[in-house]
Amino acid sequence: MDNFEHNRESWNELTALHAESSFYDLEGFKKGKTSLNHIEIEELGDIKGKKLLHLQCHFGMDTLSLARQGAEVVGVDISDASIQKAREMSAELKIPAKFVRSNVYDIENVLNETFDIVYVSYGAINWLDDLDKWAKIISRYLKPNGTFYMVEFHPFRYMFNDQSEISYSYFKSKPYETVVDKSYTEESEISNKDLKHIEWHHSLSEVINSLITNGLKIEFFNEFPYQVYNCFPNLIEDEKGKWVSKKYGDKIPLMYSIKARKV
Ligand SMILES: C[S@@+](CC[C@H](N)C(=O)[O-])C[C@H]1O[C@@H](n2cnc3c(N)ncnc32)[C@H](O)[C@@H]1O
């Protein structure tokens with residue numbers, strides 16, 4: 001099995017666990033609560049009437065939240081279970097959306113349109129090995145003058161081990177392989193013991209240069225000393241919804257965002 005097939009298999013298994021977790025709060029979402037955070041809502045601005053492509057949409061909560069804000073959305077994900085769940089929710093909640101199952105890198109085989117906005121968020125690019133190829137896809141799917149927006153976990157935080165010591169390279173390295181025995185949500189014991197995650201670390205220069213090289217003009221780049229999710233070890237809630245490092249407080253970056261325009 002290749003790396004992406006391992007990830008597809010593990011994300012298939014994780015989807016049902018996530019959909020039932022209090023971390024994702026699907027019940028709250030069904031009652032109308034947005035799954036988006038203040039950062040992406042404010043930084044993305046008005047998306048009413050815009051065609052939006054959400055890459056690596058998981059089971060579609062954020063995609064459908066973007067649709068609730070008035071965007072015409074397409075979500076893409078490699079996981080069969082995620083896309084199935086996303087389609088079910090779209091139908092159940094009567095929120096129009098299109099969901100496509102595909103590896104990001106193979107998306108041209110299944111999607112032939114262009115968009116006003118391409119959107120990527122939290123925990124996405126670590127599943128991709130080649131950011132130049134990724135940025136080419138983003139550029140391909142944007143209309144001229146279209147907007148690319150991403151908000152991600154900061155590569156600085158991926159350097160730490162579970163004891164908050166620097167243990168991994170900041171720079172792009174060989175793929176990291178881990179056995180998937182639990183997830184970042186609370187109720188997350190995995191019964192299938194053969195699952196593997198394969199991930200890649202990407203430095204900020206790698207991300208930014210891949211976008212610039214592929215015809216995107218950076219409009220802003222922001223860094224945040226907190227995370228909006230309690231999904232990594234050794235975080236402590238500083239203010240409501242702002243999780244900082246237990247050891248380093250707000251001295252280190254934990255997330256970043258980028259807005260760019262296709263020129
Ligand atoms: C942490 S989740 C991203 C969650 C995202 N913030 C959201 O909107 O909910 C990572 C997602 O990436 C997907 N994924 C991993 N590798 C992929 C690939 N090569 N192509 C497409 N999707 C991929 C997984 O199936 C999973 O749903």
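The structure reproduced in this document is the subject of the present report. (Residues numbered from 1 in each chain as written. Predicted model: local features only at pLDDT ≥ 70, side-chain atom pairs only at ≥ 80, totals over all residues. Heavy atoms only, no water.)

1. Thoughts on the pattern of salt bridges
And then number 1: Evaluation of the coordinates by the stated rule reveals 13 salt bridges.
And then number 2: With its nearest N and O atoms 3.0 Å apart, the salt bridge here joins Glu113 to Lys98. A residue pair is termed long-range when its members are at least 10 positions apart, and Glu113 in the loop between strand S3 (98–101) and strand S4 (115–121) and Lys98 in strand S3 qualify at 15 residues.
And then number 3: Residue Glu113 is classed as partly exposed on the basis of its relative accessible area, which comes to 22%.
And then number 4: Judged by its relative accessible area of 37%, Lys98 is partly exposed.
And then number 5: When the shortest N-O distance is used, the salt bridge between Glu219 and Arg261 registers 2.8 Å. Of this pair, Glu219 sits in strand S8 (residues 216–224) while Arg261 sits in strand S11 (residues 255–262), placing them 42 residues apart in sequence.
And then number 6: Looking at Glu219, the relative accessible area reads 43%, which means it is partly exposed.
And then number 7: A single network of salt bridges, built from pairs that share partners, joins Glu5, Arg8, Asp80 and Arg101. (Salt bridge = Lys/Arg side-chain N within 4 Å of Asp/Glu carboxyl O. Helix = DSSP H or I, 4+ residues; strand = E, 2+ residues; numbered from the N terminus. Buried < 20%, exposed > 50% of the residue type's maximum accessible area, 1.4 Å probe, protein only.)

2. A few points about the nonpolar core
And then number 1: Membership of the largest hydrophobic core comes to 42 residues, with the highest contact counts inside it found for Ile39, Leu66, Tyr122, Phe153 and Met255.
And then number 2: Take this core: its biggest share by element is 4 residues, from helix H4 (residues 61–68).
And then number 3: Among the nonpolar cores identified, the runner-up in size contains 36 residues, and Tyr105, Leu111, Leu131 and Leu142 belong to it. (Core = buried A, V, L, I, M, F, W, Y, C linked by side-chain atoms within 4.5 Å.)

3. Structural notes on helix H5 (residues 80–93)
And then number 1: For H5, with 14 residues, the first-to-last C-alpha span of 20 Å sits near the 20 Å given by 1.5 Å per residue.
And then number 2: For H5, every residue scored as buried is listed here: Ser82, Ile83, Ala86, Met89 and Ser90. The arc enclosing the buried residues of H5, seen along the axis, measures out at 125°, which places them on a common side.
And then number 3: Of the surrounding elements, those touching the buried residues of H5 are helix H1 (3–19), helix H2 (26–30), H4, strand S2 (72–77) and S3.
And then number 4: Between the side-chain oxygen at the start of H5 and the backbone nitrogen of Ala81 there is a gap of 3.4 Å, and the oxygen is on Ser79.
And then number 5: Among the residues trailing H5, Lys94 stands out with phi positive, at a value near 55°. (Expected span 1.5 Å × (residues − 1). Arc of directions from axis to C-beta. Contact = heavy atoms within 4.5 Å. Polar contact = N/O pair within 3.5 Å; in protein donor to acceptor, adjacent residues only side chain to side chain.)

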